[in-house]
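Each chain, letter by letter, is given below.
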Amino acid sequence: MDSKHVHSMDFFFRKSMTDVDIASNSHWQEILDTLQLSKSVAEIDTHDIEGKEMVSLKMWEAFYYTYARWKSFSPRIDDTKSRKSDGEIYIRRWVCNKEGFRKEKFLNMPDRKKRPKEITRCGCQVALRILRLQKTNLWRCQEFVPFHNHDLVIPSQMQFTRANREVPEAVAAQDVKTSSSTQVGEHSSEHQKMTQLSRFGALNAYSNSMNFFASHSEATFQMAKMELEKLNTIFRASYEEGQNSQNSQPTTTYRDNPNIIQDPVRVRTKGMASTNSRKGTNDGVQGGRQCTLCGGRDHNKRTCMRRTGV
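Residues numbered from 1 in each chain as written. Predicted model: local features only at pLDDT ≥ 70, side-chain atom pairs only at ≥ 80, totals over all residues. Heavy atoms only, no water.

S.K.: So what's going on with the pairing of strand β3 (residues 89–96)? Which residues, and what values?
M.R.: Burial analysis of β3 places six of its eight residues in the buried class, which makes it a mostly covered element. Note that β3 and strand β4 (residues 127–132) share five bridges and pair antiparallel. Within β4, the position partnered with Arg93 by the bridge is Arg129. (Buried < 20%, exposed > 50% of the residue type's maximum accessible area, 1.4 Å probe, protein only. Helix = DSSP H or I, 4+ residues; strand = E, 2+ residues; numbered from the N terminus. Pairing = 2+ DSSP bridges.)

Here it is, written out as structure tokens:
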């Protein structure tokens with residue numbers, strides 16, 4: 001398939017794609033205002049970007065990665081130049097991941113032990129090059145090539161490209177409350193987290209495919225938007241209810257588990273409690289000195305009547 005045919009097919013299938021919403025990129029509206037763009041992502045051309053300026057490198061990076069995600073290709077950094085004095089970057093260039101060709105030495109290796117990887121680079125010319133101006137300290141686009149010479153990724157598979165292998169922070173930062181005192185609790189927490197991420201990936205694939213087909217007409221777009229708003233309200237309420245129920249449950253520790261041997265009860269002393277013989281005897285006689293000769297009280301053997309005879 002030649003490049004012209006690929007370009008025309010790409011434009012035909014994507015010319016009705018709606019603009020990127022603010023939820024997918026928090027800076028997208030600011031980027032559109034700065035670049036003065038009123039077109040959809042699929043209709044952006046070279047003259048729409050070249051010569052435009054933005055205040056930071058991160059804004060250009062956010063623009064190009066969002067553009068690439070909705071255009072269905074994976075970008076990568078190709079060239080970066082920085083000053084030797086302070087290390088500040090003044091040139092950055094992004095290209096399609098299929099830019100260039102594999103080196104000849106990796107194609108003909110006589111002592112190869114592993115099977116060679118599939119050739120993925122085909123000399124694609126898509127690129128974005130920006131330069132920081134010294135006078136204004138703004139970043140200006142010097143090169144923007146939007147046309148590919150290969151088939152693009154289908155929307156349902158975009159999440160598996162290298163530039164999009166990221167889980168949203170809201171999902172990654174979600175805390176699953178489990179007991180960390182036992183190994184069983186740790187395995188359960190990890191399994192639950194992996195299951196949740198698997199569900200997220202599957203739903204993301206389905207939603208990408210639905211978005212692609214629903215964006216082809218205004219009627220299907222409005223229908224999908226209305227249904228998604230309803231589902232979002234239902235799922236949000238269910239999620240918040242589950243979070244509230246988890247927070248209301250009392251925290252348990254290993255001491256509350258009846259199947260675990262508990263620690264022994266601590267006592268002040270070991271063995272039998274000490275007794276004071278002077279406090280009293282079993283016969284009710286008040287304690288005191290006791291004679292070893294007669295067993296009487298209030299005297300000793302030196303003053304005992306048996307010895308003195310008095």
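S.K.: So, the packing of helix α2 (residues 28–35) against helix α4 (residues 57–71): which residues are in play, and what are the values?
M.R.: It is the contact of α2 with α4, at a shortest axis distance of 10 Å, that shows an interaxial angle of 105°. Between α2 and α4, the crossing angle belongs to the class labelled roughly perpendicular. Contacts between α2 and α4 involve Trp28, Glu30, Ile31, Thr34 and Leu35 on the former and, on the latter, Met59, Trp60, Ala62, Phe63 and Thr66. Partitioned by chemical class, the residues of the contact of α2 with α4 number seven nonpolar, two polar and one charged. (Axes fitted to C-alpha atoms, helices over the stretch in contact; angles between N-to-C directions. Parallel < 35°, antiparallel > 145°, perpendicular 65-115°, else oblique. Contact = heavy atoms within 4.5 Å. Nonpolar A, V, L, I, M, F, W, Y, C, P; charged D, E, K, R; others polar.)

S.K.: Go over the side chain of Ser215 with me, naming the residues and quoting the values.
M.R.: Structurally, the position occupied by Ser215 is in the loop between α7 (183–214) and α8 (218–248). Assessed through its relative accessible area of 12%, Ser215 is described here as buried.

S.K.: Pulling in residues and values, what's your account of the nonpolar core?
M.R.: Core analysis: the largest hydrophobic core is formed by 27 residues, its most contacted members being Ile49, Trp60, Phe63, Tyr64 and Leu128. Secondary-structure elements contributing two or more residues to this core are α2, α4, β3, β4 and β5 (139–145). Those residues in contact with Ile49, other than ones at most four positions away along the chain, are Leu35, Leu37, Ile44, Trp60, Phe63, Leu128, Cys141 and Phe144. (Core = buried A, V, L, I, M, F, W, Y, C linked by side-chain atoms within 4.5 Å.)

S.K.: Explain the sheet that holds β5 to me, and be specific about the residues and the numbers.
M.R.: Ordered in space as β1-β5-β4-β3-β2, the five strands form an open sheet in which the pairing is antiparallel. The sheet is open, and its two borders are formed by β1 (53–54) and β2 (75–82), each paired with just one other strand. Against the sheet, α4 makes contact with β1, β2, β3, β4 and β5, and its axis sits at roughly 5° relative to β3, the strand it touches most.

S.K.: How would you summarise the pattern of salt bridges if you had to cite specific residues and measurements?
M.R.: Considering all chains together, one arrives at eight salt bridges under this definition. When the shortest N-O distance is used, the salt bridge between Glu99 and Arg76 registers 2.8 Å. Taken together, the positions of Glu99 in the loop between β3 and α5 (104–107) and Arg76 in strand β2 put the pair 23 residues apart, joining distant regions of the chain. Residue Glu88 pairs with Arg132 through a salt bridge whose shortest N-O separation is 3.0 Å. (Salt bridge = Lys/Arg side-chain N within 4 Å of Asp/Glu carboxyl O.)

S.K.: Residues and numbers for a nonpolar patch on the surface, please.
M.R.: On the surface, Met210, Leu228, Leu231, Ile234 and Phe235 cluster together into a nonpolar patch covering about 470 Å² of accessible area. Examined against the element boundaries, Ile234 turns out to sit in helix α8. Look at Ile234 and you get exposed, because its relative accessible area is 53%. (Patch = residues over 30% accessible without salt bridge, like charges linked within 9 Å, V, L, I, M, F, W, Y side chains within 5 Å. Areas by Shrake-Rupley, 256 points an atom, 1.4 Å probe, with all protein chains shown as cover.)

S.K.: Could you give an account of a positive patch on the surface, with specific residues and numbers?
M.R.: A grouping of Arg289, Lys301, Arg302 and Arg307 is seen on the molecular surface, where their side chains present a positively charged patch. With respect to the helices, strands and loops of the structure, Arg307 is situated in helix α9 (residues 305–308). (Lys, Arg positive; Asp, Glu negative; His and termini not counted. Charge placed at Lys NZ, Arg CZ, Asp CG, Glu CD.)

S.K.: Give me the lowdown on the environment of Val95, citing residues and values where you can.
M.R.: Topologically, Val95 is positioned in strand β3. C-alpha of Val95 to C-alpha of Val126: the two residues are 31 residues apart in sequence and 5.7 Å apart in space. Those residues in contact with Val95 that sit more than four places away from it in its chain are Ser74, Pro75, Arg76, Asp78, Val126 and Ala127.

S.K.: Outline α4, supporting the account with residue identities and numerical values.
M.R.: With 15 residues, α4 extends 21 Å from end C-alpha to end C-alpha; this agrees with the ideal 21 Å at 1.5 Å per step. Three or more residues of α4 are buried, namely Leu57, Met59, Trp60, Phe63, Tyr64, Thr66, Tyr67, Ala68 and Lys71. Taking the backbone nitrogen of Met59 as reference, a side-chain oxygen 3.3 Å away marks Ser56 as the first, capping residue of α4. Once α4 finishes, Ser72 follows within two positions and takes phi at roughly 75°, a positive value. (Expected span 1.5 Å × (residues − 1). Polar contact = N/O pair within 3.5 Å; in protein donor to acceptor, adjacent residues only side chain to side chain.)

S.K.: Requested: an account of the pairing of β4, with residues and values cited.
M.R.: A large share of β4 lies buried, amounting to six of its six residues. Of the two faces of β4, the one carrying Ala127, Arg129 and Leu131 and the one carrying Leu128, Ile130 and Arg132 are both buried. As defined by bridge partners, β4 adjoins β5 across six bridges and the pair is classed as antiparallel. Paired with Ile130 across the bridge in β5 is Cys141.

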